[in-house]
Amino acid sequence: MRTRAIGLSLLAAALAVILQTTLFAQVRIFEVAPDLVMLTVIALARRLDAEPAVLLGFTSGLAMDLLGSSPLGLRALVLTVIAYATVRTRDRFDVNVVATGVAVLLLSLLGVVLLVVIGTLFGESSFRDPYVFRKILLIPFYNLVLAVGIFPLFSLMLVGRRRRELVL
């Protein structure tokens, strides 16, 4: 994997963390915001090699932990698992658009459920949140809607660059 692709991925993940902690912390639809960082990890992990993808999930999650109020390591653990699951299932992404949508929906659902369950184990009162079931149901659908724009952009950013380098 080219270091340029890894650098661009880290830059995209940093931008997603900034947007998640600023814009999406304020703008919520039905009291729930999409998880842009998780979606970015899914979109980038499907195009990166396994080790950089998992490292991207960990660093993105750690950045979210440091900027958020969740226990340190919670999001890092969850996004590492999501990056690994994406790497293991990435061959199913390229079948067709419906398969990609289903994969994004299921991986986002897995991520949200892991955040709630592991957050409860870490001492957060996740199940006391009155919007917990709304979050579990709506975040995957919000991520699916955002994936329509994000996936082609990141594919062009990572795969498009590699093709141009091979031609030159």
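These remarks concern the structure in this document. (Residues numbered from 1 in each chain as written. Predicted model: local features only at pLDDT ≥ 70, side-chain atom pairs only at ≥ 80, totals over all residues. Heavy atoms only, no water.)

### Brief notes about the overall build of the protein chain
We count it as follows: Numbered from the N terminus, helices here are DSSP runs of H or I no shorter than four residues, and strands are runs of E no shorter than two. Based on C-alpha atoms, the radius of gyration is set beside the globule rule, defined as 2.2 Å times the residue count to the power 0.38. Burial status follows relative accessibility: with a 1.4 Å probe on protein chains alone, a residue under 20% of its type maximum counts as buried, one over 50% as exposed, and anything between as partly exposed. By the convention used here, residues are in contact when the closest approach between their heavy atoms is within 4.5 Å. Charge convention: Lys and Arg are scored as positive, Asp and Glu as negative, and His as well as the terminal groups of each chain are ignored. Charge coordinates come from a single atom per side chain, which is NZ of Lys, CZ of Arg, CG of Asp or CD of Glu.
Across its full length, the protein chain holds six helices and zero strands. Along its sequence from the N terminus, the protein chain presents helices and strands in the succession α-α-α-α-α-α. Computed over C-alpha atoms, the radius of gyration of the protein chain comes to 15 Å, within 12% of the 15 Å expected from 2.2 N^0.38 for 168 residues, which places it in the range of a compact globule. Its C-alpha atoms give the protein chain principal-axis dimensions of roughly 55 × 30 × 30 Å. By residue count, 43% of the 168 residues in the protein chain fall in the buried class. At a minimum sequence separation of 6, the contacts of the protein chain that also span at least 24 residues come to 73%. When the 16 positive and 10 negative side-chain charges of the protein chain are each reduced to one mean point, those points stand 6 Å apart.

### Thoughts on the packing of helix α4 (residues 74–89) against helix α5 (residues 97–121)
A pair of packed helices is captured by two measures, namely the crossing angle of their axes and the spacing between those axes. Definition in use: Axis geometry follows a simple rule: fit a line to the C-alpha atoms, using only the stretch in contact for helices, then measure angles between N-to-C directions, giving values from 0 to 180 degrees. Roughly parallel covers angles under 35 degrees, roughly antiparallel covers those over 145, roughly perpendicular covers 65 to 115, and oblique covers all other angles. It is the rotation of the near helix from the far one that decides the hand of a crossing: anticlockwise by less than a right angle makes it left-handed, clockwise makes it right-handed. Ten residue types, Ala, Val, Leu, Ile, Met, Phe, Trp, Tyr, Cys and Pro, are classed as nonpolar, four, Asp, Glu, Lys and Arg, as charged, and the remainder, Gly among them, as polar.
The contact between α4 and α5 brings their axes to 10 Å, and the two run at 150°. Between α4 and α5, the angle falls in the class roughly antiparallel. The crossing of α4 and α5 is right-handed. Taken together, the residues of α5 that come into contact with α4 (itself represented by L74, R75, L77, V78, V81, I82, A85, T86 and T89) are L107, L110, G111, L114, L115, I118 and G119. Each residue belonging to the contact of α4 with α5 can be placed in one class, and the counts come to eleven nonpolar, four polar and one charged.

### Notes on helix α2 (residues 36–45)
Most of α2 is tucked away, with ten of its ten residues classed as buried. Listed as buried for α2 are L36, V37, M38, L39, T40, V41, I42, A43, L44 and A45.

### A few points about the side chain of D35
Let me state the cut-off plainly: Polar contacts here mean pairs of N or O atoms no more than 3.5 Å apart (in protein, one a potential hydrogen donor and the other a potential acceptor; neighbouring residues in sequence count only if both atoms are side-chain atoms).
One can find D35 in the loop between α1 (3–26) and α2. At 3.0 Å, the side chain of D35 forms a polar contact with the side chain of R75. Beyond its immediate stretch of four places on either side in the chain, D35 contacts Q20, R75, L115, I139 and N143.

### Looking at a nonpolar patch on the surface
The following threshold applies: Patch rule: a residue counts if its relative accessible area is over 30% and it has no salt bridge; like charges are joined within 9 Å, and nonpolar side chains (Val, Leu, Ile, Met, Phe, Trp, Tyr) within 5 Å. Note that accessible areas follow from Shrake-Rupley with a 1.4 Å probe, and for residues the cover is restricted to the protein chains shown. Each salt bridge in this description consists of a side-chain nitrogen of Lys or Arg and a carboxyl oxygen of Asp or Glu lying within 4 Å of one another.
Together, V98, V102, L106, L109, V113, V117, L121, F127 and F133 make up an exposed nonpolar region whose accessible area comes to about 860 Å². Here the nonpolar patch takes seven residues from α5, the largest share from any one element. Relative to the helices and strands, L106 resides in helix α5.

### Examining the packing of α2 against α5
The contact between α2 and α5 brings their axes to 10 Å, and the two run at 130°. Here α5 runs oblique to α2, going by the angle between their axes. In terms of crossing hand, the pair formed by α2 and α5 is right-handed. Along its contact with α2, which presents M38, L39 and I42, the element α5 presents V104, L107, S108, G111, V112 and L115. Among the residues forming the contact of α2 with α5, the class breakdown is seven nonpolar, two polar and no charged.

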